[in-house]
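Observations on chain architecture
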Amino acid sequence: MKTFIFPGSFDPFSLGHLDIAKRASNLCDKLVVAVMINRSKTSLFTVEERVEMARICLADVPNIEVISRETLLVDLYQELGASAVVRGLRSESDFRYEAEMNAANTLLLPKYQVVFLPCRADLAFTSSSIIKEVAYYGGDISRMVVPAVEEMVHQKLLSNKESKS
Ligand code: PNS
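Overview of the structure. What you see is a predicted model, and the numbers here were worked out from it, not measured in a lab.

Conventions used here
Residues numbered from 1 in each chain as written. Predicted model: local features only at pLDDT ≥ 70, side-chain atom pairs only at ≥ 80, totals over all residues. Heavy atoms only, no water. Pairing = 2+ DSSP bridges. Helix = DSSP H or I, 4+ residues; strand = E, 2+ residues; numbered from the N terminus. Axes fitted to C-alpha atoms, helices over the stretch in contact; angles between N-to-C directions. Phe/Tyr/Trp six-rings, centres within 6.5 Å; stacked < 30°, edge-to-face > 60°. Buried < 20%, exposed > 50% of the residue type's maximum accessible area, 1.4 Å probe, protein only. Lys NZ or Arg CZ within 6 Å of the ring centre and 35° of its normal. Near = heavy atom within 4 Å. Polar contact = N/O pair within 3.5 Å; in protein donor to acceptor, adjacent residues only side chain to side chain. Areas by Shrake-Rupley, 256 points an atom, 1.4 Å probe, with all protein chains shown as cover. Nonpolar A, V, L, I, M, F, W, Y, C, P; charged D, E, K, R; others polar. Contact = heavy atoms within 4.5 Å. Parallel < 35°, antiparallel > 145°, perpendicular 65-115°, else oblique. Arc of directions from axis to C-beta.

To continue, consider the sheet that holds strand S5 (residues 114-118). On the basis of which strands lie adjacent, the open sheet formed by five strands has the order S3-S2-S1-S4-S5 and parallel pairing. Unpaired on one side and paired on the other, strand S3 (64-69) and S5 mark the two borders of the sheet. Neighbour to neighbour, the strand axes of the sheet diverge by 30 degrees on average, direction disregarded. Relative to S3, strand S2 (residues 30-36) runs parallel, the two sharing six bridges.

Right, dumping it as structure tokens:
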């Protein structure tokens, strides 16, 4: 049983994430999409909301499970007996960040393996931060997220604005 982990902050879960998850699910028996904490980022959505979004997006893929963990990635890797972690690569700057994370994770757990999948070219320059920025200013994010996530982003921004006023 080959288990891969696709970890991320997924704030929100985008079409780019969906594409990587679906392609990665063809490379293993089970893909665990893990909503995790990136301490260098401030999240718009709660972990529970991010899990819900990923579950909605991936509901039709049978060998994918969505979980959340507030641990080190290498601890989850051990817990699941994973064979590899999957990460999407968009650009050179992604590669630098991923190389650093890979080096740290390999120091912590020498058997740690990562598989990099190149992003779909048309989604190469979208990111969760850009999606939030575009939505904040009323821009169209319909080509970056599925409709249910688009609705959740709008609702969240609206409720944040209401609670500030
Ligand atoms: O989508 P992101 O924000 O690029 O994902 C980064 C994430 C969540 C995979 C990374 O921050 C992570 O692995 N967090 C868990 C804690 C951990 O293991 N940190 C050390 C990584 S070097």
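In total, this model carries five aromatic pairs according to the counting rule given. Ring plane angle 50 degrees and centroid distance 5.2 Å describe the contact between Phe10 and Phe13, whose orientation is recorded as tilted. Both residues of the pair, Phe10 and Phe13, belong to the buried class. These aromatic residues form a ring-pair network of at least three members: Phe6, Phe10 and Phe13. Positioned above the aromatic ring of Tyr136 is the side chain of Lys161, whose terminal nitrogen or guanidinium carbon lies 5.1 Å from the ring centre.

Our focus in this paragraph is the site of the ligand. The ligand sits among 15 residues. The nearest are Ser9, Asn38, Lys41, Leu73 and Arg87. Residue Ser9 places a side-chain N or O atom 2.4 Å away from an oxygen atom belonging to the ligand. Measuring from a nitrogen atom of the ligand, one finds a backbone N or O atom of Ile37 at 3.0 Å. Burial of the ligand by the surrounding chains reaches 82%, relative to a free accessible area of 550 Å². Of all elements in the fold, only strand S1 (3-8) and helix H4 (92-108) reach the threshold of two or more residues within the shell around the ligand. A per-element tally of the shell around the ligand places H4 first, with four residues. Considering only residue class, the shell around the ligand consists of eight nonpolar, five polar and two charged.

The next point concerns the environment of Leu89. As for its placement among the helices and strands, Leu89 is situated in strand S4 (residues 84-89). For Leu89 and Phe116, which are 27 residues apart along the polypeptide, the C-alpha to C-alpha distance reads 6.3 Å. Ignoring any residue separated from it by four or fewer positions in sequence, one finds Leu89 in contact with Asp94, Phe95, Glu98, Phe116, Leu117, Pro118 and Cys119.

This part covers the packing of helix H2 (residues 47-57) against helix H6 (residues 147-164). For the pair H2 and H6, the least separation of the axes is 10 Å and the interaxial angle reads 160 degrees. One way to sum up the angle between H2 and H6 is to call them roughly antiparallel. Where H2 approaches H6, its residues Glu49, Glu52, Met53, Ile56 and Cys57 are matched on the opposing element by Ala148, Val149, Met152 and Lys156.

By the secondary structure assignment, Ser9 is in the loop between S1 and helix H1 (15-25). What makes Ser9 buried here is its relative accessible area of 12%. Apart from the residues within four sequence positions on either side, Ser9 is in contact with Val35, Met36, Asn38, Lys41 and Arg50.

Buried residues of helix H5 (residues 128-136): Ser128, Ile131, Lys132 and Ala135, and no others. Down the axis of H5, the smallest arc covering the buried residues is 95 degrees, so these residues share one side. Packed against the buried residues of H5 are H1 and H6.

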